[in-house]
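# Working through the structure, step by step
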Number of protein chains: 2
Amino acid sequence: MSDSAALTGKTVGGTVLSVDAMGGDLGPSAVISGMAKAAAKNDDLRFIVHGPKAELEALIARKRGLSDKCEVRHAEGVVTMDAKPSLVMRSGKDTSMWSTIEAVRKGDASVAVSCGNTGALMAISMIRLRKIEGVNRPAIACLWPSRNATGFNVMLDVGADIRADAEDLLQYALMGASYARNGMDLARPRIGLLNVGTEEHKGKAELKVAAELITRGADAADFEFVGFVEGSDLPSDRADVIVTDGFTGNVALKTGEGTARLIRELLGEAFKKTPFSRIAALLAYTSLRRLSKRIDPRRVNGGVFLGLNGTVVKSHGSADSTGVAAAIKLAARLSATGFNKRLAARIAQSEAAVANIIQPEDPQS
Amino acid sequence: MSDSAALTGKTVGGTVLSVDAMGGDLGPSAVISGMAKAAAKNDDLRFIVHGPKAELEALIARKRGLSDKCEVRHAEGVVTMDAKPSLVMRSGKDTSMWSTIEAVRKGDASVAVSCGNTGALMAISMIRLRKIEGVNRPAIACLWPSRNATGFNVMLDVGADIRADAEDLLQYALMGASYARNGMDLARPRIGLLNVGTEEHKGKAELKVAAELITRGADAADFEFVGFVEGSDLPSDRADVIVTDGFTGNVALKTGEGTARLIRELLGEAFKKTPFSRIAALLAYTSLRRLSKRIDPRRVNGGVFLGLNGTVVKSHGSADSTGVAAAIKLAARLSATGFNKRLAARIAQSEAAVANIIQPEDPQS
C-alpha cells in the first residue's frame, strides 16, 4: 500500500493503469516500449508495472522520462501461454499476472492490462475481482474494423465462455451497449444478434428467445435492437455491437483476422512481383499505408473483460510495442470515462427490468 | 422422359447437368450467360435447364451454339429467396427448383446446379434424393481460399443443419475427405476439427468426443487427422478439410467473405484517393488483378450438398455469369469423377468401421 501511495502521491489527477510486463510472446521489452509510446501521447498516464523488479527497472530506465511515471511491483513468477487456468488459480499467487489484477482489486489502479494467457487472466480476474452483482457470465468484447462511422464494431463474447443461454445473451447486449457508449461515444448503440440468417424463423431456438428478451430490454437500456445479423455484417454498418456466444465469437474473430492476414500477405507478394508493381507500391505508399493501418489488428488491440468489478484489457499475446500502446490507450479511455462504475450501475438498474423481461408481465397490461 | 432421351441422344459421352435457371438475384439471364461461359471452355457439357420455357429459349437462342447443348424443361413456379422451406416442400412441385432436382433423381442428369434459396434447395433435395444409406445429417461443403498448394480448403458444414453431434462430425470428416479426394485430387487429405483453441483440453465436450472418433476413423478412411484447428487456420495450410457444425461454419464463411469484401472495397478506395495512387493502380494492374482473382468469392462459387443420393451444387444467390460458370465447372468436375458413387461407396465401407469406432472394441484386442 505504501508503494501505491508513493505512486498516487506523484500522480494527482493522473490515470493509473496496472500493467503485466510478462507473459507476452515478445517479452517485457515490448510491453515497456508500448508503455513509453502511450505515455508520450498522454501525459496523464501512470503505471504500476508487475514482474521481476531489477529487469523491469533496467528496461524502464532506458526510456526517457518513463521511470517517473512508473512504480514497479516485484513478482517472480510468469504465467506461460500453455499454463492451465485451473492450476494458475490455485498456485499462481506469485505471478506478475496475479499481482496485476490485485492492484485493481485493491483500488490502486483503475484498469489492468496484460498480454498473457487469456484463460488464466480470466480465471484470476474472476476469483479476485468477482462478477458484478447481477451478471451470470462475464464476456470478452473486442473491436472489429467496420464500415461504421467510428470505424469499428464491438463483438462479444469472443471467448470468455463457450456457452451462452438466452439470458446471458441479453446481458451481453446490456454490457456491449454500455461499452459502446463509454468506449466509443455512441449515445444509443445498435445491437445485432449473430445468427445464420436475418429471417426470424432461422437459427437456434435459444437465439429466438434471446431476440425476444433483447427486444423487450432495448428501451429500458437505451439501445436499439436491429435483430439478427449474419457473419457478413461483422464488418458492415448494420450494427454497433454484435452479440454471440463465446465459441462462435472466437471462431468468427480468428477467421476474420486470418482472412485479413492472408490478404495482407498476398497483397505484399503482389507488389513485389514485377518491377512495375514495385514502382506502383512506391507511388501508392501513402494510400496503402492508410489502408494497412485501417485493417491492422494491432491498431484495435485489446479485448475487454466485461462484467467484473474492475476493467481488464487483454492485449494480443503476440502484441509488439504498437499493439501494447493501443491496448493501453483503450485502457486509459475506459479509465477516464469511469466505465466500470457506469457499467455496474447499468446492470443494477437493468436487473429489475431484466427480471420483468424474463418473467414477462401480463401482455394485456 | 422423351425430352431427356432427346438430349441424351444428342450428347453421347457428354456430361449432363441439371440447371435451375430461376431463383438467383440476377434472374435467368445471368444463369444462361454462365452456362454459355462454361460451355465455351468445356465442349462436353450438356444442360437440362428448368424454368419458363419461352423465356429461357429466347435467352439461350442469343448465345451462339448453346441451344444445341440445352434441353429446356418447362416449370412455371419460382422459389423466392424468402420462401419457407417447409412450404416449398409441400407445394413446390411446379417450381424450376423441384424440376431441377427431379432430373437428377430420375438419372437424366448427374449433378444439379441452383442459385436459389438454400434452405428450400436442401429441403427438396432431402425429400426427393434422400440421404445416402448410413448418413445421419447431410452437409454443405464450400471451398475457402487458403495457403494450401491447391489454393483452397474445404469447410463443412456451412449451413445444412445448425446442429451436429460427435457422430455427425465424424461423418462430415468422411464426406469432406471424399470430396477433397475427388474434387481436389488429394490422395490423403488432412482433416482439422474447428475449435476455440488447438490444445486438447479446450472447447466443447462433444468436440473432444468427435476428435476421438475421427482419430480412430482416420486410418480406415484414408485421411490424416491434424486435430483441433482455429478460425485463423481456415485460410492457412494446416488442413485441407475443416469440419464443424453448420451454425459455426455458416458464421465463419460469411465472416470471411465479409472481411474480404471490406478489404477489397477499402483497397479500391485507396487506389482512387490521389493522382499518384491512380497511376500506381495502373502500374500494378496485373499483380492486383491476380490478387483480386485469388480472393474473389465468385471464383470459388459453389457449396456442395454432401450425403444425398445425387450431387447438388448451390451457387451464391447473387452470382453473376462468372459465378454461375464457376459453379457449373465444379459440378462438371464432380460429375466427371463419378464423385457421388464414390462417396456412397466410402460411406458404406466406413459404416462398419464407424460402428466399431462408436462401439469401441476391447482396447486390449
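Cut-offs and rules
Residues numbered from 1 in each chain as written. Chains lettered and ligands numbered in written order. Predicted model: local features only at pLDDT ≥ 70, side-chain atom pairs only at ≥ 80, totals over all residues. Helix = DSSP H or I, 4+ residues; strand = E, 2+ residues; numbered from the N terminus. Buried ≥ 20, exposed ≤ 12 C-beta atoms within 10 Å, placed from the backbone. Contact = placed C-beta atoms within 7 Å. Nonpolar A, V, L, I, M, F, W, Y, C, P; charged D, E, K, R; others polar. Least-squares fit on C-alpha atoms with pLDDT ≥ 70 in both. Pairing = 2+ DSSP bridges. Right-handed = clockwise from strand over helix to strand, strands pointing away. Domains from an automatic or database assignment. Axes fitted to C-alpha atoms, helices over the stretch in contact; angles between N-to-C directions. Parallel < 35°, antiparallel > 145°, perpendicular 65-115°, else oblique. Left-handed = near helix turned anticlockwise from the far one by under 90°. Core = buried A, V, L, I, M, F, W, Y, C linked by C-beta atoms within 7 Å. pLDDT = per-residue confidence, 0-100.

## What about the overall build of chain A?
Along its length, chain A carries 13 helices and eleven strands. The burial tally for chain A puts 56% of its 365 residues in the buried class. For chain A, restricting intrachain contacts to residue pairs at least 6 apart in sequence, the fraction spanning at least 24 positions comes to 72%.

## Quick look at the interface of chain B and chain A
With 50 residues of chain B in contact, the opposing surface of chain A contributes 51 residues. Secondary structure elements with two or more residues in the side of chain B that touches chain A: helix H9 (246-272), helix H10 (275-283) and helix H11 (285-295) of chain B. At 19 residues, H9(B) tops the list of elements feeding residues into the side of chain B that touches chain A. Among the residues making up the side of chain B that touches chain A, the classes are represented as 24 nonpolar, 15 polar and eleven charged.

## Examining the relation of the copies chain B and chain A
Mapping chain B onto chain A calls for a rotation angle of 179° and an axial translation of 0.0 Å; the resulting RMSD is 0.1 Å. Look at the turn and shift together and you get a two-fold axis relating the two. If distances are taken from each C-alpha of chain B to the rotation axis, the shortest is found for Ala280(B), at 2.0 Å. Looking at the interface residues of chain B, 98% of them are also at the interface in chain A, so both copies use one shared face.

## Let's talk about the pairing of strand S1 (residues 15-20) of chain B
All names here are of chain B. Of all six residues that make up S1, six are buried, and the element is covered over most of its length. Alignment of S1 against strand S2 (residues 45-51), held across six bridges, turns out to be parallel. The partner of Val-16 across the bridge, within S2, is Arg-46. This β-α-β element, S1 to helix H2 (residues 28-41) to S2, shows right-handed connectivity. Pairing of S1 with strand S4 (residues 111-114) involves three bridges; the strand directions are parallel. Residue pairing across strands places Ser-18 opposite Ala-112, the latter belonging to S4.

## Quick word on helix H5 (residues 96-105) of chain A
Residues and elements named next belong to chain A. Burial analysis of H5 places nine of its ten residues in the buried class, which makes it a mostly covered element. Of all the positions in H5, only Ser-96, Met-97, Trp-98, Ser-99, Thr-100, Ile-101, Glu-102, Ala-103 and Val-104 are classed as buried. The inward-facing, buried residues of H5 contact strand S1 (15-20), strand S2 (45-51), strand S3 (70-74), strand S4 (111-114) and helix H6 (118-129). A positive backbone phi angle near 85° is found at Gly-107, which sits one or two residues after H5.

## Side note on the domain arrangement of chain A
A common way to report how large an interface is uses the accessible area buried once the components associate. All names here are of chain A. The domain architecture assigned to chain A consists of domain 1 (1-132 + 307-337) and domain 2 (136-303). Counting residues at the interface gives 20 residues for domain 1, matched by 14 residues for domain 2. Sorting the residues of the side of domain 1 that touches domain 2 by element identifies H6, strand S11 (311-314) and helix H12 (321-336) as the ones contributing at least two each. Considering every element that reaches the side of domain 1 that touches domain 2, the biggest residue donor is H12, with seven residues. Class assignment for the residues of the side of domain 1 that touches domain 2 results in nine nonpolar, seven polar and four charged.

## A short note on the sheet that holds strand S11 (residues 311-314) of chain B
Residue and element names in this part refer to chain B. Reading across the sheet, the eleven strands line up as S3-S2-S1-S4-S11-S10-S5-S6-S9-S7-S8 and stay open at both edges, with mixed pairing between neighbours. Every other strand in the sheet has two partners, leaving strand S3 (70-74) and strand S8 (224-229) as the edge strands with one partner each. Neighbour-to-neighbour, the strand axes of the sheet open up by a mean angle of 25°, direction not taken into account. Pairing geometry for strand S7 (residues 190-194) and S8, over five bridges, is parallel. Directly across from Ile-191, in S8, lies its bridge partner Phe-225. Against the sheet, helix H3 (residues 53-61) contacts S2 and S3, and its axis sits at roughly 160° relative to S3.

## What about unusual backbone geometry?
Comment: phi is negative for the bulk of residues other than glycine, and the bulk of peptide bonds are trans. With an omega dihedral of -5°, the bond running from Leu156(A) to Asp157(A) counts as a cis peptide bond. Here the phi dihedral of Asp185(A) falls at roughly 60°; this positive angle occurs in a residue that is not glycine. Relative to the elements of secondary structure, Asp185(A) occurs in the loop between helix H7 (166-184) and strand S7 (190-194). The backbone of Asp222(B) sits at a positive phi, close to 65°, despite the residue not being glycine. For Asp222(B), the position within the fold is in the loop between helix H8 (205-217) and S8.

## Here's the deal with the sheet that holds S4(A)
All names here are of chain A. Within the open sheet, the eleven strands sit side by side as S3-S2-S1-S4-S11-S10-S5-S6-S9-S7-S8. Their pairing is mixed. Two strands lie at the open edges of the sheet, namely S3 and strand S8 (224-229), each paired on one side alone. Pairs of neighbouring strands in the sheet enclose a mean axial angle of 25°, with direction left out of account. Pairing between strand S10 (residues 303-306) and S11: three bridges, direction antiparallel. Paired with Val-304 across the bridge in S11 is Val-313. Those strands touched by helix H3 (residues 53-61) are S2 and S3, and its axis lies near 160° from that of S3. With respect to the sheet, H12 is in contact with S1, S2, S4, S10 and S11, its orientation differing from that of S1 by roughly 140°.

## With respect to the packing of H2(B) against H3(B)
Packed helices, taken two at a time, are described by the angle between their axes plus the distance between the axes. Residue and element names in this part refer to chain B. One way to put it is that H2 packs onto H3 with a least axis distance of 10 Å and a crossing angle of 45°. Judged on the interaxial angle alone, H3 and H2 are oblique. In this structure, H2 crosses over H3, and the sense of that crossing is right-handed. Of H3, the residues touching H2 (which contributes Pro-28, Ser-29 and Ile-32) are Glu-55, Leu-56, Leu-59 and Ile-60.

## A short note on the nonpolar core
If you look at the biggest cluster of nonpolar residues, it comprises 214 residues, and the most contacted ones within it are Leu17(A), Leu156(A), Leu17(B) and Leu156(B). Not counting chain neighbours up to four residues away, the residues in contact with Leu17(B) comprise Leu45(B), Phe47(B), Ala109(B), Val111(B), Val113(B), Ile328(B), Ala331(B), Ala332(B) and Ser335(B). If you look at the next biggest cluster of nonpolar residues, it comprises 20 residues, including Ala260(A), Phe271(A), Leu262(B) and Leu267(B).

## As for the environment of Ala331(A)
All names here are of chain A. Structurally, Ala-331 can be placed in helix H12. Using a count of 28 C-beta atoms within 10 Å as the deciding quantity, one classes Ala-331 as buried. Sequence separation between Ala-331 and Gly-183 is 148 residues; the distance between their C-alpha atoms is 9.4 Å. Non-local contacts of Ala-331, meaning those with residues more than four positions away in its chain, are made with Leu-17, Val-111, Val-113 and Val-313.

## Describing the environment of Ala109(B)
Residue and element names in this part refer to chain B. Along the polypeptide, Ala-109 turns up in the loop between helix H5 (96-105) and S4. Of the residues examined, Ala-109 has 29 C-beta atoms within 10 Å and is grouped as buried. It is 9.4 Å that separates the C-alpha atoms of Ala-109 and Gly-310, two residues lying 201 residues apart in sequence. Here Ala-109 is in contact with Val-16, Leu-17, Ser-18, Ile-48, Ala-103 and Val-104, once residues within four sequence places are set aside.

## With respect to the environment of Ser315(B)
Mapped onto the elements, Ser315(B) comes out in the loop between S11 and helix H12 (321-336). With ten residues separating them along the chain, Ser315(B) and Ala325(B) place their C-alpha atoms 9.6 Å apart.

## Focus: the confidence of the model for chain A
Residues and elements named next belong to chain A. Here chain A shows a mean pLDDT of 87. Residues at 70 or above account for 89%. Long-range and interchain partners of residues 1-5, a stretch whose pLDDT sits below 50, account for four contacts in this model, where long-range means more than four residues apart. Predicted confidence is poor over residues 361-365, with pLDDT under 50, and the contacts of this stretch with residues over four places away or in other chains come to one contact. Scoring the predicted complex yields pTM 0.86 and, for the interface, ipTM 0.84.

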